Amino acid sequence: MKIFVIYILLIGVYTNFSIGYAQQPLASYIDPFIGTADDHGQTDPSANIPFGMIKPGPDTKPSGQAGYNYLAEEIKGFSQTRISGVGCRGAGGNLRLLPFVEIPSPTEKLDKKSEKACPGYYSVKLKNGIFVEITAGRTSAIYRFIYPKTQNAGLILDLNSSFSGNANEIHHLENSQAVYGTVSAPNVCDCGYYTFYYHIDIDKKDVDLSEKEGRLCWSFTSSKTEVITLRVGLSTVSSNNAKRNKLAELGNKNFDDIKAEACKKWEELLNKVVVETDNMELKKSFYTRIYHAVQTPFDVTDYSSQFKGSDGKTYYSGRSYYHGWSIWDTFRTKDPLFSFLLTDRYKDMMYSLLKLYQQGKTDWATNTEPFPTVRTEHSIVLVLDALNKGLTSPEAVELVFDKMLAEANLIPGNTPDKMLERCYDLWALSRIATLLHLPLIAQTYLKKSQEYRTVWNDKFKIMGENADVMHGDNLYEGTLWQYRWFVPYDLDWMINSIGNKDKTIAELDYFFQNHLFNIANEPDIHVPYLYYYLGQPWKAQKIIQDIILNPTVNYYGTHDKWEKPYIGKVFKTSPDGYMKEMDDDAGTMSSWLVLSTIGLFPVCPGIPYYWISAPLFDSITLNYTTGKKLRIRTIRKSNDDMYIQTVQLNGRKLERSWISYEEIMNGGELTIHLGTAPNGKWGTENIQFNYLR
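Values in this document were obtained by computation on a predicted structure and should not be read as measured data.

Chemist: Teacher, can you tell me more about the overall build of the protein chain here?
Modeler: From N to C terminus, the protein chain includes 19 helices and 31 strands. Computed over the C-alpha atoms, the radius of gyration of the protein chain is 26 Å, within 12% of the 26 Å expected from 2.2 N^0.38 for a compact globule of 693 residues. Each of the 693 residues in the protein chain was classed as buried or not, and the buried ones make up 63%. Put simply, 68% of the contacts in the protein chain that link residues at least 6 apart link residues at least 24 apart. Both charge centroids of the protein chain, one from 74 positive and one from 79 negative side chains, sit 3 Å from each other.

Spelled out as structure tokens, the structure:
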């Protein structure tokens, strides 16, 4: 409940001593079950910490792409690996555990009412009477099984389990209480394989250990409410490193110690952005979407400072190495978000991406991946983005620039959508070459980046009868209407090709008024913000607020246009937390919501600017590791105020509709005044960007 807010102005600096909003741990606003029901997000409630490589959690029957379906009432077990929110059959599902009493069964019934999850923790009681609790660190996890009294109890470890195809495994018994080995399994969409190492031990001493066809079974007698603890350690390098990781991370700590540490890590990360609002549903949605976004990439660095690359070789590093990419999705929203919200981590991610080039990066996965991953198209755009923001160095990029050139020359352009995507990367490469003082290469690839124009005029200039056909003209996922806008680096040319700015606005109006937009997939999720470039930002502000807060009309899933539209909220705070067929795509969709609710959205990934949109919170504070803060303060008279009237940055009036990355990182205060009617003057000028040339 809002009690009161005290504001003190001291030496011209606005300081917030707000005690008007209930103070409670930010992690308490997260609901890991959001997006876990059926095909409504494909997220999961595994116990984990931010960017942790181990994701211990339930695998249900029927399952989801991350192993879990909230609607299921049976469980196949608890596996240690998964990727949140991705397509096909996902990847992971390895080292699946299933406790039993009396006779082992392929599945067990869940007591759904007992099921609980919060950041870093998951628990459930099985209908066989066993209570299961899980918590985790970055590389290791700890299980606490509480058994009923029985003469015939046990625990199954399935070494062949996998979400995508069958896993291959090699294991060795250290003794009757410990096993170690390797697991290899297909990656997402059956593209390539990953191999990792593990070490598992159980603290129950009087056990019989048997094995059959890759399944180990610990059998024992249990007393009433007997607690049995199992610990799992993972590594990309070796089983010995997995054991060392487990020792370094779990040591002699008990379950509750590890759970408390996991909660602390979540709280530290979430405090990077503190929002204030009376809308508790929106706050719950916001922090849960951050939770989803930071599930990947994984920090796979061993405590020995070793990691294995995608070439199967072992490397040493003095900094964190990240793996588990889905860049075709995330470069649009999640990576631009991380670049200012989690700058230090993001620098290590860019370091890891450049290392991936040295290892022989492919668009999808190799056969020697160290851990589950998805895809890495548009990495060139991310490298440009990092260079322009000072998050990597020209010297680091120079080391792999020849490999980026080779990659660029192989990017396909055999369909209309692929041609647009190809030329975006070629433009980014030309800008990188300029920053590396390679003018001939820069000019060559700038010219190549314009090759899409012939295709655009042929397929996208005039929207005919086939323009609203999903997969028409062999498009990947979308329609011609949805893909036509994907030239964010060359918008002036597109506008001139359509005719002029007014005609472009009219066609964009038609696009939204006739419900041709698809928020459920990536190709056009940036399109509402095109109104900013066209000088009518108020239209974007209305569309964005409707998408986040109100029921909207939606005709599209991933692959089809439905005869009957879905009319409802796109983002919800229930297990069906995303609209039907909307994968979260490794946090891409979650990041769209996060960026849009705080009022900062990338103009064009690759350039260091963000559109200023209308925040949905009263106050947002970005806390940087440098000690600086950016406070975004929203001034509104009522909840109906959604249109930007005026903007001040550190007390200075800002007529432009964008803010630079440097201004964001310098901190201070961004004050945004909202009203019920559009201001037809704010943000209509000074919207040209030299970086788009």
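So, next bit.
Chemist: Explain the state of the cysteines to me, please; I cannot follow it from the model alone.
Modeler: Chemically, a disulfide is nothing more than a covalent bond linking the sulfur atoms of two cysteines. This model, assessed by the stated rule, comprises one disulfide. In this model Cys88 forms its disulfide with Cys189; the gap between the sulfur atoms is 1.8 Å. Where Cys88 bonds to Cys189 through sulfur, the torsion about that S-S bond is close to 85°, and the disulfide is right-handed. In this pair, Cys88 is assigned in the loop between strand S4 (74–79) and strand S5 (96–101) and Cys189 in the loop between strand S12 (178–186) and strand S13 (193–202), connecting sequence segments 101 residues apart. Taking relative accessible area as the criterion, Cys189 reaches 28% and is therefore assigned partly exposed. In this model Cys191 remains outside any disulfide bridge; the closest cysteine sulfur is found in Cys189, 5.8 Å from its own.

Chemist: Got a minute to help me understand the nonpolar core in this structure?
Modeler: Ranked by internal contacts, the top residues of the largest apolar core, which has 148 residues, are Phe340, Ile432, Trp592 and Leu670. With 10 residues, the single largest contributor to this core is helix H10 (residues 416–435). Viewed by domain, this core spans two of them, domain 1 (24–270) and domain 2 (272–689), each represented by three or more residues. Not counting residues up to four positions away in its chain, the partners in contact with Leu670 are Ile612, Leu630, Arg631, Ile632, Arg633, Val647, Gln648, Leu649, Leu654 and Ile659. Residues Tyr68, Val124, Phe145 and Val207 belong to the second largest nonpolar core, which totals 56 residues.

Chemist: Any chance you could explain the domain arrangement of the protein chain here in plain terms?
Modeler: It is common to give the size of an interface as the accessible area lost on bringing the parts into contact. Its domain assignment divides the protein chain into domain 1 (24–270) and domain 2 (272–689). For domain 1 and domain 2, the distance between their C-alpha centres works out to 33 Å. With 57 residues of domain 1 at the contact, the number on the domain 2 side is 58 residues. With both chains or domains summed, domain 1 and domain 2 bury close to 4700 Å², and 60% of this area falls on carbon and sulfur atoms. Taken as a group, Tyr29, Ile34 and Phe51 account for 18% of the area that domain 1 buries against domain 2, more than any other trio of residues on that side. On inspection of domain 1 and its partner domain 2, the count reaches two salt bridges. In this structure, the salt-bridge partner of Asp31 is Lys284, at a minimum N-O distance of 3.8 Å. In this structure, the connection of domain 1 to domain 2 is made through 36 residue pairs in polar contact (both at pLDDT 80 or more). Among the elements of the structure, S13, strand S16 (226–235), helix H1 (239–249) and helix H2 (255–270) are those that each provide at least two residues to the side of domain 1 that touches domain 2. In terms of residue count, the dominant contributor to the side of domain 1 that touches domain 2 is S13 (five residues). Classifying every residue of the side of domain 1 that touches domain 2 gives 28 nonpolar, 22 polar and seven charged.

Chemist: How do you make sense of the side chain of Lys389 when you look at a structure like this?
Modeler: With respect to the element layout, Lys389 can be found in the loop between helix H7 (379–388) and helix H8 (394–398). Of the residues examined, Lys389 reaches a relative accessible area of 9% and is grouped as buried. A polar side-chain atom of Lys389 sits 3.0 Å from a polar atom in the side chain of Ser339.

Chemist: I'm lost on the confidence of the model for the protein chain in this one. Help?
Modeler: A low pLDDT means the predicted coordinates there should not be read in detail. Here the protein chain shows a mean pLDDT of 94. Residues at 70 or above account for 96%. Of the regions scoring below 50 in pLDDT, residues 1–19 engages in 28 contacts with residues more than four places distant in sequence or in other chains.

Chemist: Can you walk me through empty space enclosed by the protein in this structure?
Modeler: Regions of empty space are outlined by a rolling probe, equal in size to a water molecule, passed over the atoms. In the structure shown here, the tally under the stated rule is six cavities of 30 Å³ or more. As a volume, the largest cavity reaches approximately 210 Å³. As for the largest cavity, its lining consists of 19 residues, and the residues nearest its centre are Pro488, His526, Pro602, Val603 and Pro605. Here the lining of the largest cavity is built from residues that sort into 16 nonpolar, one polar and two charged.

Chemist: In this structure, what is going on with the pairing of strand S11 (residues 168–175)? I would like to understand it.
Modeler: One face of the sheet, then the other: side chains in a regular strand alternate in exactly this way. Inspection of the sheet shows S11 paired to S12 by seven bridges, in the antiparallel sense. Counterpart to Asn168 in the pairing with S12 is Ser184. A loop of two residues connects S11 with S12, the two strands running antiparallel in sequence.

Chemist: Help me understand the sheet that holds strand S30 (residues 658–660), please; the structure alone is not making it clear to me.
Modeler: Through backbone hydrogen bonds, the strands of a sheet pair up, either in parallel or in antiparallel fashion. An order of S24-S25-S30 is seen for the three strands of this open sheet, with the pairing classed as antiparallel. Whereas interior strands pair on both sides, the edge strands pair on one side only; in this sheet they are strand S24 (600–602) and S30. When the angles between neighbouring strand axes are averaged without regard to direction, this sheet yields 40°.

Chemist: What am I meant to see in the sheet that holds strand S28 (residues 643–649) here?
Modeler: Here we have six strands laid out as an open sheet, ordered S17-S26-S27-S31-S28-S29, and mixed in their pairing. Each having just a single partner strand, strand S17 (273–276) and strand S29 (652–653) make up the two edges of the open sheet. Here four bridges tie S17 to strand S26 (residues 619–623), and the two strands are oriented antiparallel to one another. When the sheet's bridge partners are listed, Val273 is paired in S26 with Leu622.

Chemist: Just checking my understanding: could you explain the environment of Thr552 for this structure?
Modeler: Relative to the assigned elements, Thr552 resides in strand S22 (residues 552–556). In this structure the C-alpha to C-alpha distance between Thr552 and Gly568, which are 16 residues apart in sequence, comes to 5.4 Å. Those residues in contact with Thr552 that lie beyond four places of it in its chain are Asp546, Ile547, Tyr566, Ile567, Gly568 and Val570.

Cut-off values and rules
Residues numbered from 1 in each chain as written. Predicted model: local features only at pLDDT ≥ 70, side-chain atom pairs only at ≥ 80, totals over all residues. Heavy atoms only, no water. Helix = DSSP H or I, 4+ residues; strand = E, 2+ residues; numbered from the N terminus. Rg over C-alpha atoms; globule rule 2.2 N^0.38 Å. Buried < 20%, exposed > 50% of the residue type's maximum accessible area, 1.4 Å probe, protein only. Contact = heavy atoms within 4.5 Å. Lys, Arg positive; Asp, Glu negative; His and termini not counted. Charge placed at Lys NZ, Arg CZ, Asp CG, Glu CD. Disulfide = S-S within 2.5 Å. Core = buried A, V, L, I, M, F, W, Y, C linked by side-chain atoms within 4.5 Å. Domains from an automatic or database assignment. Buried area = accessible area lost by both parts, 1.4 Å probe. Salt bridge = Lys/Arg side-chain N within 4 Å of Asp/Glu carboxyl O. Polar contact = N/O pair within 3.5 Å; in protein donor to acceptor, adjacent residues only side chain to side chain. Nonpolar A, V, L, I, M, F, W, Y, C, P; charged D, E, K, R; others polar. pLDDT = per-residue confidence, 0-100. 1 Å grid on protein atoms, 1.4 Å probe; cavity = no way out; pocket = protein on both sides within 12 Å on 5 of 7 lines; lining within 4 Å. Points joined across faces, edges and corners; volume = space filled by probe spheres on them. Pairing = 2+ DSSP bridges. Axes fitted to C-alpha atoms, helices over the stretch in contact; angles between N-to-C directions.

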